[in-house]
Amino acid sequence: ITEAVGAKKRFTPWFVVDIFKTLLGLRRDRHLLLAVLGAAYFLFLAAFIQQALFSYGVVSLGLSVERSGFFFPVAALGIGVGALLAGRLSGRNIELGVVPIGAVGLAVCCSCLSLIPATVASLILVVFLIGLSSGLFIVPLNAFIQQRAPRQGRGEILASCNFLSFLGAALSAGIFISLTRVLHFSPGTCFLVV
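Residues numbered from 1 in each chain as written. Predicted model: local features only at pLDDT ≥ 70, side-chain atom pairs only at ≥ 80, totals over all residues. Heavy atoms only, no water.

Trainee: Please clarify how the overall build of the protein chain should be interpreted in this entry.
Mentor: Along its length, the protein chain carries eight helices and zero strands. In sequence order, the protein chain lays out its α and β elements as α-α-α-α-α-α-α-α. Seen along its three principal axes, the alpha-carbon backbone of the protein chain occupies a region of about 55 × 40 × 30 Å. Within the protein chain, buried positions represent 38% of all 194 residues. (Helix = DSSP H or I, 4+ residues; strand = E, 2+ residues; numbered from the N terminus. Buried < 20%, exposed > 50% of the residue type's maximum accessible area, 1.4 Å probe, protein only.)

Structure (structure tokens):
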């Protein structure tokens, strides 16, 4: 049985201060800090893509919101394939060299949604590739964070990483609203911007 670490630590309503202290403490391990920031950026991007896909389906393809949601199982399948591929490419090690491949894939695929003609077939292909790239990007990062975080502070580091990630997801909503309602960008242009 694995014993709980830091189980006697008390909850404080000022937990945000604790989170930022943990993040500031990560400055001593630049690689771990960059992995945490990369994971947070990923959730920002994933939340943005989710919102933009609904809008893309409605505006660019004339689908209903419900039918636009049918693309998410395609993304989930892509994420599964990307995660398996990341595991295969990494072998028994954590291969961070897979992360840039996923990042380039995400950038190219998001750009494609702005540059290629909008059809259901093209959207299915690009959404699958977005999912595949996502798996390649996030799986090695999460594995690295869990391996690299010191045992004594692992829970705090993972909690801080999750807090930062969901903060990024919330920020994506504000940015998406700003791009579509204030600047009146099309969904395809939003993908290009992100």
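Trainee: Before we go on, may I ask you to explain the nonpolar core in this structure?
Mentor: If you look at soluble globular proteins, the nonpolar side chains tend to sit buried side by side. Among the nonpolar cores identified, the biggest contains 43 residues, and Val36, Ile49, Ile130, Ile145 and Phe191 are the most heavily contacted of them. Top contributing element to this core by residue count: helix 2 (residues 30-61), with 14 residues. Every residue in contact with Ile130, bar those within four places of it in the chain, is listed here: Ile49, Leu106, Cys109, Cys110 and Leu113. (Core = buried A, V, L, I, M, F, W, Y, C linked by side-chain atoms within 4.5 Å. Contact = heavy atoms within 4.5 Å.)

Trainee: What should I look at first to understand a nonpolar patch on the surface in this one?
Mentor: The grouping of Phe15, Val16, Phe20 and Leu167 at the surface amounts to a nonpolar patch, some 320 Å² of accessible area in total. Among the elements that take part in the nonpolar patch, helix 1 (residues 15-25) stands out by supplying three residues, more than any other. Assignment of secondary structure puts Phe20 in helix 1. Phe20 sits in the partly exposed class, given a relative accessible area of 38%. (Patch = residues over 30% accessible without salt bridge, like charges linked within 9 Å, V, L, I, M, F, W, Y side chains within 5 Å. Areas by Shrake-Rupley, 256 points an atom, 1.4 Å probe, with all protein chains shown as cover. Salt bridge = Lys/Arg side-chain N within 4 Å of Asp/Glu carboxyl O.)

Trainee: Help me understand the side chain of Thr22 in this model?
Mentor: Summarising the element assignment, Thr22 is placed in helix 1. Beyond its immediate stretch of four places on either side in the chain, Thr22 contacts Glu156, Ile157 and Ser160.

Trainee: I'm lost on the packing of helix 6 (residues 120-148) against helix 7 (residues 154-182) in this one. Help?
Mentor: For any two helices packed against each other, one specifies the inter-axial angle together with the distance between the axes. Where helix 6 contacts helix 7, the axes come no closer than 9 Å and their chain directions differ by 150 degrees. In terms of their interaxial angle, helix 6 and helix 7 are classed as roughly antiparallel. Facing helix 6, whose interface residues are Ile145, Gln146 and Gln147, helix 7 presents Arg154, Ile157, Leu158 and Cys161. (Axes fitted to C-alpha atoms, helices over the stretch in contact; angles between N-to-C directions. Parallel < 35°, antiparallel > 145°, perpendicular 65-115°, else oblique.)

Trainee: Looking at this structure, how should I read the state of the cysteines?
Mentor: When the sulfur atoms of two cysteines share a covalent bond, that bond is a disulfide. Using the criterion set out here, one finds zero disulfides in the structure. In this structure Cys109 is a free cysteine whose sulfur lies 6.0 Å from that of Cys112, the closest cysteine sulfur available. No disulfide involves Cys190; its sulfur sits 11 Å from the nearest other cysteine sulfur, which is in Cys110. Since its relative accessible area comes to 0%, Cys190 is described here as buried. (Disulfide = S-S within 2.5 Å.)

Trainee: Please explain the packing of aromatic side chains as it appears in this structure.
Mentor: The geometry of two aromatic rings is summed up by the distance between their centres and the angle between their planes. For the structure on display, the rule yields seven aromatic pairs. The interplanar angle of 50 degrees and the centroid separation of 4.9 Å between the aromatic rings of Phe54 and Phe72 together place this pair among those described as tilted. Of the two residues, Phe54 is situated in helix 2 and Phe72 in helix 4 (residues 72-90); the sequence distance between them amounts to 18 residues. Grouped by ring-pair contacts, the aromatic residues Tyr41, Phe44, Phe48 and Phe176 constitute a single cluster. (Phe/Tyr/Trp six-rings, centres within 6.5 Å; stacked < 30°, edge-to-face > 60°.)

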